[in-house]
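Examination of the molecular architecture
Each chain is listed here by its residues.
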Amino acid sequence: MSSPSVAISRLGQVAIPAQDIARAIAFYRDTLGLRLLFEAPPKLAFFDCGGVRLMLSEPEGGTAFQPGSILYYLVEDLPAAHEALVARGVAFLHAPQCIATMPDHALWMAFLNDSEGNVVGLMSEVRS
């Protein structure tokens, strides 16, 4: 007996932990420029990131805060994004650098911490 196949088509939502939801909303909305979709109780906020929903949430039930997985945000012009975020007060862990050279593009990345201590990756695929 074969089991039914699971056809995952795309990422629908990502949960990002936050220690302080108001501070995290300000960072994702005002610093990164993501569109706030809505807020919901208890201490949840949802953003649109190119059709993928990001959910910010504070720990519930007395659980301790734990930073989450690294999310990599695709940007067209990484040096320009880096410059704009530095102007907004963001301190980068790693400035833009070429990670790998592929046959048709170079992969560039930079890393920063969000307002909650989660590592955020910015990436750009620069065509040759």
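Before any of the text, the structure's been laid out above.
An account of the accompanying structure is given in this report. The structure presented is a predicted model; accordingly, all values stated were derived computationally and were not measured.

Conventions we followed
Residues numbered from 1 in each chain as written. Predicted model: local features only at pLDDT ≥ 70, side-chain atom pairs only at ≥ 80, totals over all residues. Heavy atoms only, no water. Helix = DSSP H or I, 4+ residues; strand = E, 2+ residues; numbered from the N terminus. Salt bridge = Lys/Arg side-chain N within 4 Å of Asp/Glu carboxyl O. Pairing = 2+ DSSP bridges. Axes fitted to C-alpha atoms, helices over the stretch in contact; angles between N-to-C directions. Contact = heavy atoms within 4.5 Å.

1. Some details on unusual backbone geometry
The residue after Pro 41, namely Pro 42, is reached through a cis peptide bond having omega -10 degrees. Relative to the assigned elements, Pro 42 resides in the loop between β2 (35-40) and β3 (44-49).

2. Digging into the pattern of salt bridges
Within this structure, the stated rule accounts for six salt bridges. Three or more residues are tied together by salt bridges with common partners; here these are Asp 104, Glu 125 and Arg 127.

3. Considerations on the pairing of β2
Note: β2 against β3, five bridges, orientation antiparallel. By the bridge assignment, Arg 35 is partnered in β3 with Asp 48.

4. Here's the deal with the sheet that holds strand β4 (residues 52-57)
Pairing in this open sheet of four strands is mixed, and the strands run β1-β4-β3-β2 from one edge to the other. The sheet is open, and its two borders are formed by β1 (13-17) and β2, each paired with just one other strand. On average, each strand axis in the sheet is inclined to that of its neighbour by 25 degrees, with strand direction left out of account. Sitting on the sheet, helix α1 (residues 21-31) is in contact with β1, β2, β3 and β4, with an inclination near 10 degrees to β3.

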